[in-house]
Amino acid sequence: MVEKGSEWVVMATGRSPTNIAVIKYWGKRDENLILPINDSISLTLDPLHLSATTTAAVSPSFTRDRMWLNGKEISLSGERYQKCLREIRRRANEVSDAEKGIVIKKEDWERLHVHISSYNNFPTAAGLASSAAGFACLVFTLAKLMNLKDDLGQISSIARQGSGSACRSLYGGFVKWAMGNNTDGSDSLAIQLAEETHWTDLVIIIAVVSSKQKETSSTSGMRESVQTSALIKHRAETVVPARTLKMEEAITNRDFASFAKLTCADSNQFHAVCLDTSPPIFYMNDTSHRIINLVEKWNISEGTPQVAYTFDAGPNAVLVSPNRKTAALLLQRLLFHFPPNKDINLTSFVVGDKTILQDAGVTSMKDIETLEPPPEIKDKVPYQKFMGDVSYFICTRVGSGPKVLTDETLALLDPITGLPK
Ligand code: DP6
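This structure is a prediction, so every number in the text was calculated from the model and none was measured. (Residues numbered from 1 in each chain as written. Predicted model: local features only at pLDDT ≥ 70, side-chain atom pairs only at ≥ 80, totals over all residues. Heavy atoms only, no water.)

Examining the site of the ligand
Taken together, 17 residues lie around the ligand, and Tyr-25, Lys-28, Arg-80, Ser-163 and Ser-165 are the ones closest in. A distance of 2.7 Å separates an oxygen atom of the ligand from a polar atom in the side chain of Ser-163. In this structure, Thr-219 approaches the ligand through a side-chain N or O atom, which is 2.8 Å from an oxygen atom. A per-element tally of the shell around the ligand places helix α4 (residues 218-228) first, with 3 residues. Looking at the shell around the ligand residue by residue, the class counts come to 7 nonpolar, 5 polar and 5 charged. When we break the shell around the ligand down by domain, the ones giving at least three residues each are domain 1 (10-196 + 405-410) and domain 2 (203-396). (Near = heavy atom within 4 Å. Polar contact = N/O pair within 3.5 Å; in protein donor to acceptor, adjacent residues only side chain to side chain. Helix = DSSP H or I, 4+ residues; strand = E, 2+ residues; numbered from the N terminus. Nonpolar A, V, L, I, M, F, W, Y, C, P; charged D, E, K, R; others polar. Domains from an automatic or database assignment.)

A closer look at the pairing of strand β12 (residues 174-178)
Buried residues dominate β12, accounting for 5 of its 5 residues. Here β12 shows a buried face lined by Phe-174, Lys-176 and Ala-178 and a second buried face lined by Val-175 and Trp-177. (Buried < 20%, exposed > 50% of the residue type's maximum accessible area, 1.4 Å probe, protein only.)

A word on the environment of Ser-16
Here Ser-16 is to be found in strand β1 (residues 10-17). Each C-alpha atom, one on Ser-16 and one on Leu-50, is 8.8 Å from the other, the two residues being 34 residues apart in sequence. Here Ser-16 is in contact with Ser-51, Ala-52, Ala-133, Ala-136, Cys-137, Phe-140 and Pro-402, once residues within four sequence places are set aside. (Contact = heavy atoms within 4.5 Å.)

Overview of the layout of surface pockets
Each pocket or cavity is described by its volume, and for the second largest pocket that value is around 440 Å³. The wall of the second largest pocket is formed by 20 residues, among which Val-10, Met-11, Ala-12, Lys-100 and Glu-408 lie closest to the centre. Every element with two or more residues in the lining of the second largest pocket is listed here: β1, β9 (95-97) and α2 (130-145). Take the lining of the second largest pocket: its biggest share by element is 4 residues, from β1. Along the lines of polarity and charge, the residues of the lining of the second largest pocket split into 12 nonpolar, 2 polar and 6 charged. (1 Å grid on protein atoms, 1.4 Å probe; cavity = no way out; pocket = protein on both sides within 12 Å on 5 of 7 lines; lining within 4 Å. Points joined across faces, edges and corners; volume = space filled by probe spheres on them.)

Focus: the sheet that holds strand β5 (residues 40-44)
The antiparallel open sheet is built from 4 strands, whose spatial order is β2-β5-β12-β13. Two strands lie at the open edges of the sheet, namely β2 (19-23) and β13 (189-194), each paired on one side alone. Across the sheet, the mean angle separating the axes of adjacent strands is 35 degrees when strand polarity is ignored. Looking at chain direction, β2 and β5 are connected through 4 bridges and run antiparallel. Considered in β5, the bridge of Ile-23 is made with Ile-41. Seen against the sheet, helix α3 (residues 152-160) touches β12 and β13 and runs at an angle of roughly 125 degrees to β13. Set on the sheet, helix α5 (residues 231-252) makes contact with β2, β5, β12 and β13; between it and β2 the angle comes to about 115 degrees. (Pairing = 2+ DSSP bridges. Axes fitted to C-alpha atoms, helices over the stretch in contact; angles between N-to-C directions.)

Structural notes on the packing of aromatic side chains
Scanning the entire structure with this criterion turns up 11 aromatic pairs. Ring centres of Phe-349 and Phe-393 lie 5.4 Å apart, and the angle between their planes is 80 degrees; this geometry places the pair in the edge-to-face category. Of this pair, Phe-349 sits in helix α9 (residues 346-349) while Phe-393 sits in strand β18 (residues 390-396), placing them 44 residues apart in sequence. Note on accessibility: Phe-349 and Phe-393 belong to one class, buried. Three or more aromatic residues joined by ring pairs make a cluster, and in this case those are Phe-174, Trp-199, Phe-256 and Phe-259. Directly above the aromatic system of Trp-298 lies the positively charged group of Arg-333, at a separation of 4.0 Å from the ring centroid. (Phe/Tyr/Trp six-rings, centres within 6.5 Å; stacked < 30°, edge-to-face > 60°. Lys NZ or Arg CZ within 6 Å of the ring centre and 35° of its normal.)

So, helix α7 (residues 286-302)
For α7, spanning 17 residues, the distance from its first C-alpha to its last is 24 Å, which sits close to the expected 24 Å at 1.5 Å a residue. Buried within α7 we find Thr-287, Ser-288, Ile-291, Ile-292, Leu-294, Val-295, Trp-298 and Asn-299. The buried residues of α7 occupy an angular sector of 160 degrees when projected down its axis, which confines them to one face. Of the residues in α7, the exposed ones pointing more than 90 degrees away from the buried face are Asp-286 and Ile-300. One side-chain oxygen of the residue at the start of α7 lies 3.0 Å from the amide nitrogen of Thr-287, identifying that residue as Asn-285. Following α7 by one or two positions, Gly-303 has its phi on the positive side, about 80 degrees. (Expected span 1.5 Å × (residues − 1). Arc of directions from axis to C-beta.)

In structure tokens, the structure reads:
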């Protein structure tokens, strides 16, 4: 290692999106390598609204690997972090910075320590897949710092070992996690089905549902399902293989009706597997069920799907509509049934791409109060409102994959000290 003064710090910063599965990953065949029992398919969400940003730095002055998440130091001793770090170091290559006069040799990476700082642009506590964006970003950024030559698919199989769903966040657009067959996991990786530009009309609205309940983690939930559910076997062996093919076809053809039917059916079956687990796991709550009812009623009254819904290991609803017009009608319905508490303002109640609000004709809190009941429930008095049951809505779209951020002002670590800014 050539050192021009020993106090140098070399850094890389990356940003990675989160993703929402429309064909769910639930169940591992190998807990250690995080190998799934079925393929899954996801949409990458726009990083502008939901992403992790990570800066990774290396310096001879660092005495141990350290990490900060949203400004707070966290332990890197967990097996999942250790595996990712080990695997990236193993594949690291020489890095030279001519300007700073630094050369880091391939073998130097084994003894040099890193500092990592990561930040989510959405509340971690909201129960939105923060581990997917987080591990994808950690692995992507360290791979840049250590100059890995592997392709994104290979990088995704490292991220998979941090958290299964993270591997799908290595690509933008529409992504499949191929379960693979190899026992070493080498073919269990993400594949991009289509770029985000393939189907740009889709609008995604996430209802962040208020919940005081502490949910079972995905990791232990799926372990219990594999151990106790008979339905999960049928799902993985018979249902998902056929459904995955149909979903790929629906995405290729931008066939929203098929896409919506498959998405809703898969979410419902995943939650049925949770109920079939002993003891049963309840991720959705009354608000989630009300959102399903609202969408189903509307879809049935129109005779063709207007919206698709999907729920992960928590009560939040992710709703996909085929275009802005339908998204505006959906937002009107959601705001009608789930108005905000009195003390909330519109700016914090609907976040992300707020332009959908204008399309929905809602520009003030007053507009929410005066929304008419949607036609499909108009005759069915009394209709109920559930004030405060949705904490807020995020309007977003399908987005791009991880990116390196070259603007140094966006780095989360100080370029001199290598500590959080
Ligand atoms: C319901 O990826 O969080 O969101 O691999 O144990 O870290 P681990 O689990 P995780 O599980 C995600 C489950 C899901 C469905 C999905 O994203 O496919």
